[in-house]
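Chains, contacts and geometry: an overview
Below are the chains, spelled out letter by letter.
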Amino acid sequence: SRQALSKTPDAVSAQPLLRPLERAARLRAVLAEDEFRQWLNSSHTQLDGRSPIELIRSGRSDLVADLAEDILTGKPA
């Protein structure tokens, strides 16, 4: 739960669920805050027209992480 994660964000049991979010957050290091927010909320053809935030909320942060890594490494879509 959000509350449990707030109390113990370093809990071993939470790490597998947080890893894809950490991978996606690496993109924030190269984008300005407003650009990153726009990226999170915009639909992307690589995500079948869905937005990263929509996929994160539906439990598919792995797809978002893969796209972020592709962007960071210059891998074509």
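Residue indices follow the written sequence of each chain, beginning from 1 at its first position. Only residues with pLDDT of at least 70 get local features here, since the model is predicted, and only at 80 or more are side-chain atom pairs given and counted; chain-wide, interface and lining totals rely on the full set of residues. Side-chain numbers here rest on the full set of heavy atoms in the structure, without hydrogens or water.

1. Thoughts on the overall build of the chain
As a reminder of what qualifies: Secondary structure elements are defined from DSSP: runs of H or I of at least 4 residues count as helices, runs of E of at least 2 residues count as strands, and each element is numbered from the N terminus. Working definition: with a 1.4 Å probe on protein chains only, accessible area under 20% of the residue-type maximum means buried, over 50% means exposed, and in between means partly exposed. The contact criterion used is simple: two residues touch if any of their non-hydrogen atoms lie within 4.5 Å.
For the chain, the helix and strand inventory stands at five helices and zero strands. The order of helices and strands in the chain, counted from the N terminus, is α-α-α-α-α. Seen along its three principal axes, the alpha-carbon backbone of the chain occupies a region of about 35 × 25 × 20 Å. Within the chain, the proportion of its 77 residues that are buried is 25%. Partitioning the intrachain contacts of the chain with sequence separation of at least 6 by distance along the chain shows that 41% fall at a separation of at least 24.

2. Here we look at the confidence of the model for the chain
For any part of a model where pLDDT is low, the fine detail of the predicted coordinates should not be relied upon. Quick reminder of the rule: Confidence scores per residue from the predictor, reported as pLDDT, run from 0 to 100.
Summary statistics for the chain give a mean pLDDT of 89 and a share of 96% for residues scoring 70 or more. Across the chain, the element-wise mean pLDDT spans from 74 in helix α1 (residues 2–7) up to 96 in helix α3 (residues 33–41).

3. A closer look at the side chain of Ser51
On the secondary structure map, Ser51 appears in the loop between α3 and α4 (52–57). For Ser51, a relative accessible area of 8% translates into the label buried.

4. Points about the packing of aromatic side chains
Our working definition: Aromatic rings from Phe, Tyr and Trp, with only the six-membered ring used for Trp, were paired whenever their centres fell within 6.5 Å, and each pair was classed as stacked if the ring planes differed by under 30 degrees, edge-to-face if by over 60, and tilted otherwise.
Per the counting criterion, the structure on display carries one aromatic pair. With centroids separated by 5.9 Å and ring planes inclined at 25°, the aromatic side chains of Phe36 and Trp39 adopt a geometry described as stacked. On the criterion of helical spacing, the pair formed by Phe36 and Trp39 is a turn pair, its members being three residues apart in helix α3. The exposure classification of Phe36 matches that of Trp39, with both residues buried.

5. What to know about the environment of Pro9
Checked against the element boundaries, Pro9 lands in the loop between α1 and α2 (15–25). Taking the C-alpha atoms as reference, Pro9 lies 30 Å from His44; in sequence the two are 35 residues apart.

6. Points about unusual backbone geometry
Positive phi, close to 55°, is recorded for Asp48, a residue that is not glycine. Mapping Asp48 onto the fold places it in the loop between α3 and α4.

7. Regarding the pattern of salt bridges
Under the convention used in this document: Here, a salt bridge means any Lys or Arg side-chain nitrogen found within 4 Å of an Asp or Glu carboxyl oxygen.
A complete count under the given rule lists seven salt bridges for this structure. Between Arg23 and Asp66 there is a salt bridge whose closest N-O contact spans 2.5 Å. Here Arg23, found in helix α2, pairs with Asp66, found in helix α5 (residues 61–73); they are 43 residues apart in sequence, far enough to count as distant. The exposure class assigned to Asp66 is partly exposed, which follows from its relative accessible area of 37%. Each of the salt bridges in this network shares a partner with another, and the network as a whole consists of Glu22, Arg23, Arg26, Asp66 and Glu69.

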